[in-house]
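The primary structure of each chain is shown beneath.
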Amino acid sequence: MTPQDPATPPTRPRRTDHLTRTDRAAGAVVGSAVGDALGAPFEFGPAGAFSARFPDGVGEMCGGGGWDPGEATDDTQMAVLVGESLLERGGLEPADVFGRFRRWAAADPKDIGLQTEIVLTSGDSWDLAASLHFQMTGLAAGNGSLMRAATSAVYFAEAGREATMAAARRLAALTHGDGAAWEGTAVLHELVRVALDGGDPVAAVPGTLARVAEGHRPRWATVLAPDWHPDLATEFNGAVWPCLGSALWALRTTGTYESAVAAAIDLGGDTDTVAAVTGTLAGAVYGLPAIPARWTGPLHVPLPGSGGRVLDAADLVALAEALVRGPAPTHP
Ligand SMILES: [Mg+2]
């Protein structure tokens, strides 16, 4: 039976009512980081490599390809930078986020997306760098703004659909000049918002698509459709459309956090980012308690350019808790 087979019964359980909003927020942030670290050793590998490595079905943080077991990559590093900027500035200050990205990029991180690197090292100002790059190359629809969206999605969820989608677009535009990346990141923000409210992100797709900029809507509707499968992708999954489409497919066709992330890595290609985006969604749905301790235990997030700081899973939970609380109330 294929995942598209209409006879396939729905596999996702709906019994997640016991979770708190904080469980789900921490699930999104830690879930994204775990997917990133788990997928990193398989980056640019073939489909099926994860289950071939772990034939008993119990995948481990194995390291490889220059990554230590449990080491998170640029996806999580940038997500942390966004989250810390939002908390320290008390809201979205694009120039501050861009400055943090630039300091990080200058500190020679082990991995950095191609488009992101060109934009951050161009020397152009924060409000022009990404659009100038897009004007020159026409290529800016990578998945690099999706991969770092877990923290901002948690922070802006409370502000409602319009606000969280608008914030996603502005954050995406810092490094990606193509509106396709803005709209995809806006969709991810909104699906996380729905999940944090205890709703079903899969069921929220049609309503979310209606809020996508009209010119970008058909292409997003294609990859987010219930019968879409990653085999139908027309681009490598380092592009924004198949990346989010594959993450939603992994969520839709599995019943646990663990199996969703494993399915994402088994697609091959840009495994750390597809698994990070899948982990954002699946973590928000199933919550922190659903993420195995054997994965959170070795998890660590080095932060180049931040004085040698390395975050662990507990630090990410604390970050998520602060983000879900939102900005501290201001006193007159
Ligand atoms: Mg990465």
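Conventions and cut-offs
Residue indices follow the written sequence of each chain, beginning from 1 at its first position. The model is predicted, so local features are restricted to residues of pLDDT at least 70 and side-chain atom pairs to those at 80 or more, both for listing and for counting; the totals for chains, interfaces and linings are taken over all residues. For helices the rule is a DSSP run of H or I covering at least 4 residues; for strands it is a run of E covering at least 2, with both sets numbered from the N terminus onward. In this treatment the radius of gyration is a C-alpha quantity, and the globule benchmark scales as 2.2 Å times the residue count to the 0.38 power. Exposure classification rests on a simple neighbour count of other C-beta atoms within 10 Å of a residue's own: a residue reaching 20 or more is buried, one at 12 or fewer is exposed, and one in between is partly exposed. C-beta atoms are placed from the backbone. Lines fitted to C-alpha atoms define the axes, with helix axes restricted to the stretch in contact, and inter-axis angles between N-to-C directions lie between 0 and 180 degrees. Angles are sorted into four bins: roughly parallel if under 35 degrees, roughly antiparallel if over 145, roughly perpendicular if 65 to 115, and oblique for all others. Two helices cross in a left-handed way if the nearer one is turned anticlockwise from the farther one by less than a right angle. They cross in a right-handed way if the turn is clockwise. Contacts here follow a simple rule: the backbone-placed C-beta atoms of the two residues must lie within 7 Å. The nonpolar class holds Ala, Val, Leu, Ile, Met, Phe, Trp, Tyr, Cys and Pro. Asp, Glu, Lys and Arg form the charged class, and all remaining residues, Gly among them, are polar. UniProt positions are given in the numbering used here, feature names are shortened, and annotations may be inferred rather than shown by experiment. The term nonpolar core refers to a set of buried Ala, Val, Leu, Ile, Met, Phe, Trp, Tyr and Cys residues connected through C-beta atoms within 7 Å.

## Some thoughts on the overall build of the protein
Link 1 in the chain: Looking only at helices and strands, one finds 16 helices and two strands in the protein.
Link 2 in the chain: Computed over the C-alpha atoms, the radius of gyration of the protein is 18 Å, within 12% of the 20 Å expected from 2.2 N^0.38 for a compact globule of 332 residues.
Link 3 in the chain: C-alpha extents for the protein along the principal axes are approximately 55 × 45 × 45 Å.
Link 4 in the chain: Of all 332 residues assigned to the protein, the portion counted as buried reaches 54%.

## Regarding the packing of helix α8 (residues 161-173) against helix α9 (residues 179-196)
Link 1 in the chain: Viewed as axis vectors pointing N to C, α8 and α9 meet at an angle of 140°, and their least axial separation amounts to 8 Å. Accordingly, the angle class assigned to the pair α8 and α9 is oblique. When the axes of α8 and α9 are compared, the crossing they make is right-handed. Of the residues in α9, those in contact with Arg161, Thr164, Met165, Ala167, Ala168, Arg169, Leu171, Ala172 and Ala173 of α8 are Ala181, Trp182, Thr185, Ala186, Leu188, His189, Glu190 and Arg193.
Link 2 in the chain: Split into classes, the residues belonging to the contact of α8 with α9 amount to 10 nonpolar, three polar and four charged.

## Observations concerning the UniProt feature "binding site: Mg(2+)" (unreviewed entry) in the protein
Link 1 in the chain: As annotated in UniProt, the feature "binding site: Mg(2+)" (unreviewed entry) corresponds to Thr73, Asp74, Asp75, Asp270, Asp272 and Thr273 in the numbering used here. The annotated residues occupy 201 residues of the chain but converge on a single region, no pair of C-alpha atoms lying more than 12.5 Å apart.
Link 2 in the chain: Mapped onto the fold, Thr73 is located in the loop between α2 (49-53) and α3 (74-89).
Link 3 in the chain: Those residues within four positions of Thr73 in sequence are excluded, and the remaining contacts are Asp36, Ala40, Trp67, Lys110, Asp111 and Asp272.
Link 4 in the chain: If you trace the backbone, Thr273 turns up in helix α14 (residues 271-286).
Link 5 in the chain: Among the residues examined, Thr273 registers 31 C-beta atoms within 10 Å and is labelled buried.

## Some words on helix α13 (residues 257-265)
Link 1 in the chain: Counting buried positions over the nine residues of α13 gives eight, a clear majority of the element.
Link 2 in the chain: Burial in α13 covers these residues: Tyr257, Glu258, Ala260, Val261, Ala262, Ala263, Ala264 and Ile265.
Link 3 in the chain: Buried-residue contacts for α13 involve α1 (21-39), α2, α12 (240-252) and α14.

## Describing unusual backbone geometry
The phi torsion of most residues other than glycine is negative, and most of the peptide bonds are trans.
Link 1 in the chain: Here Phe44, not a glycine, exhibits a phi torsion of approximately 65°, which is positive.
Link 2 in the chain: Tracing the backbone through its elements, the reader meets Phe44 in the loop between α1 and α2.
Link 3 in the chain: For Phe44, a count of 12 C-beta atoms within 10 Å puts it in the exposed group.
Link 4 in the chain: Of note, Asp108 is a non-glycine position whose phi angle comes to about 60°, a positive value.
Link 5 in the chain: Residue position: Asp108 is located in the loop between α4 (94-106) and α5 (114-120).
Link 6 in the chain: By C-beta crowding, Asp108 is classed as exposed, having 9 other C-beta atoms within 10 Å.

## Quick word on the packing of α3 against helix α16 (residues 313-325)
Link 1 in the chain: At a closest axis distance of 10 Å, the pairing of α3 and α16 adopts a crossing angle of 45°. Taken together, the axis directions place α3 and α16 in an arrangement best described as oblique. You can see that α3 and α16 cross each other, and the crossing is left-handed. Counting all contacts with α3, which are made through Val80, Gly83, Leu86 and Leu87, the residues of α16 involved are Leu319, Ala322 and Leu323.
Link 2 in the chain: Residue composition of the contact of α3 with α16, grouped by class: six nonpolar, one polar and no charged.

## Describing the nonpolar core
Link 1 in the chain: Residues Val29, Val154, Val192 and Leu244 are the most contacted members of the largest nonpolar core, which totals 107 residues.
Link 2 in the chain: Among the elements that make up this core, the one with the highest residue count is α9 (11 residues).
Link 3 in the chain: Among residues more than four places away in sequence, those in contact with Leu244 are Leu146, Gly184, Val187, Leu188, Val223 and Val277.

## A word on the environment of Pro109
Link 1 in the chain: Relative to the helices and strands, Pro109 is located in the loop between α4 and α5.
Link 2 in the chain: The class of Pro109 is partly exposed, set by 17 C-beta atoms lying within 10 Å.
Link 3 in the chain: It is 8.5 Å that separates the C-alpha atoms of Pro109 and Gly305, two residues lying 196 residues apart in sequence.
Link 4 in the chain: In this structure, Pro109 is in contact with Asp74, Gln77, Trp104 and Pro304, ignoring residues within four places of it in sequence.

## Section: the environment of Trp249
Link 1 in the chain: Examined against the element boundaries, Trp249 turns out to sit in helix α12.
Link 2 in the chain: When the C-alpha atoms of Trp249 and Leu209 are compared, they prove to be 16 Å apart, with 40 residues separating the residues in sequence.
Link 3 in the chain: Excluding its chain neighbours within four sequence positions, the residues that come into contact with Trp249 are Trp228, His229 and Pro230.

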